Amino acid sequence: MKTLLVVFHSQTGGAAAMAEAAARGAGDEPLVTVRLCHADSVGPADLLAADAYLFVTPEYLGAMAGRLKDFFDRSYYPVLDRLNGRPYAVLVCAGSDGQGAARQVMRIATGWRLKAVAEPLIVCTRAQTPEAILAPKILAADDLDRCAEVGAALAAGLALGIY
Ligand SMILES: Cc1cc2nc3c(=O)[nH]c(=O)nc-3n(C[C@H](O)[C@H](O)[C@H](O)COP(=O)(O)O)c2cc1C
């Protein structure tokens, strides 16, 4: 049995919905156990115990969410050189951009020598006003389907041992 660790943070629900959709997609693969975890609740031991990773974050101020960054800050050196070659993907929920957050996560993953198995998937909510940005997010079904596909592809590759 292989384990896929999905690590996320979310404030208004968008990234949480993306993480849940990806976990659901991955969950269809019987040979893979999926752990869906908030970034605050996981650390180095959880990374070492998993075989693949999905990092899911909102973009805040051009960067990944601070709570996901804290997870990386706590975990980076304890697992350095111990995750080499394991597969991962990044999902970002953004208002209108998302590239900065994706780039930051990928840079850390490169330091860990993880292997990207997909381009970062960015879902934009198009929220522009303070009220819209702070409102709970309901994502479109096709965007959630795309998240589920990333989870399913990662889990299938893991089960088949192709990474
Ligand atoms: C403090 C703050 C900063 C934000 N900065 C950006 C940004 O730099 N780029 C962007 O595209 N969206 C930005 N947004 C919009 C969020 O990425 C968007 O609302 C997203 O849905 C947040 O994910 P969540 O629903 O999981 O909390 C920002 C939102 C907040 C609250």
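Please read these numbers as outputs of a predicted model, since none were measured by experiment.

K.L.:
Help me out: how do you make sense of helix H3 (residues 66–79) in this one?
P.N.:
Along an α-helix, residues three or four positions apart point the same way, because every turn accommodates 3.6 residues. Taking 1.5 Å of rise per residue, the 14 residues of H3 would be expected to cover 20 Å, and the 20 Å separating its terminal C-alpha atoms lies within 8% of that figure. The set of residues buried in H3 consists of Leu 68, Phe 71 and Ser 75. Residues of H3 that are buried make contact with strand S1 (2–8), helix H2 (44–49), strand S3 (52–60) and strand S4 (63–64). Just beyond H3, the residue with positive phi is Asp 81, at close to 75°.

K.L.:
Help me understand the nonpolar core, please; the structure alone is not making it clear to me.
P.N.:
Soluble globular proteins tend to bury their nonpolar side chains together. Membership of the largest hydrophobic core comes to 52 residues, with the highest contact counts inside it found for Leu 4, Val 6, Met 18, Ala 22, Leu 54, Val 56 and Leu 91. In terms of residue count, the dominant contributor to this core is helix H1 (residues 14–27) (9 residues). What Val 6 contacts, discounting residues up to four positions off in sequence, is Ala 19, Ala 22, Ala 23, Val 34, Arg 35, Leu 36, Cys 37, Leu 54 and Val 56.

K.L.:
Can you help me understand the pairing of S1 in this one?
P.N.:
Within a regular strand, the side chains alternate between the two sheet faces. Burial runs high along S1: 5 of the 7 residues are buried. Between S1 and its parallel partner strand S2 (residues 32–38), the chain crosses via H1, and the hand of that crossover is right-handed. Inspection of the sheet shows S1 paired to S3 by 5 bridges, in the parallel sense. Paired with Leu 4 across the bridge in S3 is Ala 52.

K.L.:
What should I look at first to understand the site of the ligand in this one?
P.N.:
Taken together, the neighbourhood of the ligand is formed by 22 residues, with Ser 10, Gly 14, Ala 15, Pro 58 and Gly 95 sitting nearest. Classifying every residue of the shell around the ligand gives 9 nonpolar, 10 polar and 3 charged.

K.L.:
What is the right way to read the UniProt feature "domain: Flavodoxin-like" (unreviewed entry) in the protein chain from this model?
P.N.:
Residues annotated in UniProt with the feature "domain: Flavodoxin-like" (unreviewed entry) correspond here to residues 4–163. Annotated as residues 4–163, this span is 45% helix and 23% strand, and its ends, taken at the C-alpha atoms, are 13 Å apart.

So, how was this worked out
- Residues numbered from 1 in each chain as written.
- Predicted model: local features only at pLDDT ≥ 70, side-chain atom pairs only at ≥ 80, totals over all residues.
- Helix = DSSP H or I, 4+ residues; strand = E, 2+ residues; numbered from the N terminus.
- Expected span 1.5 Å × (residues − 1).
- Buried ≥ 20, exposed ≤ 12 C-beta atoms within 10 Å, placed from the backbone.
- Contact = placed C-beta atoms within 7 Å.
- Core = buried A, V, L, I, M, F, W, Y, C linked by C-beta atoms within 7 Å.
- Right-handed = clockwise from strand over helix to strand, strands pointing away.
- Pairing = 2+ DSSP bridges.
- Near = placed C-beta within 6 Å.
- Nonpolar A, V, L, I, M, F, W, Y, C, P; charged D, E, K, R; others polar.
- UniProt positions renumbered as here; feature names shortened; annotations may be inferred.

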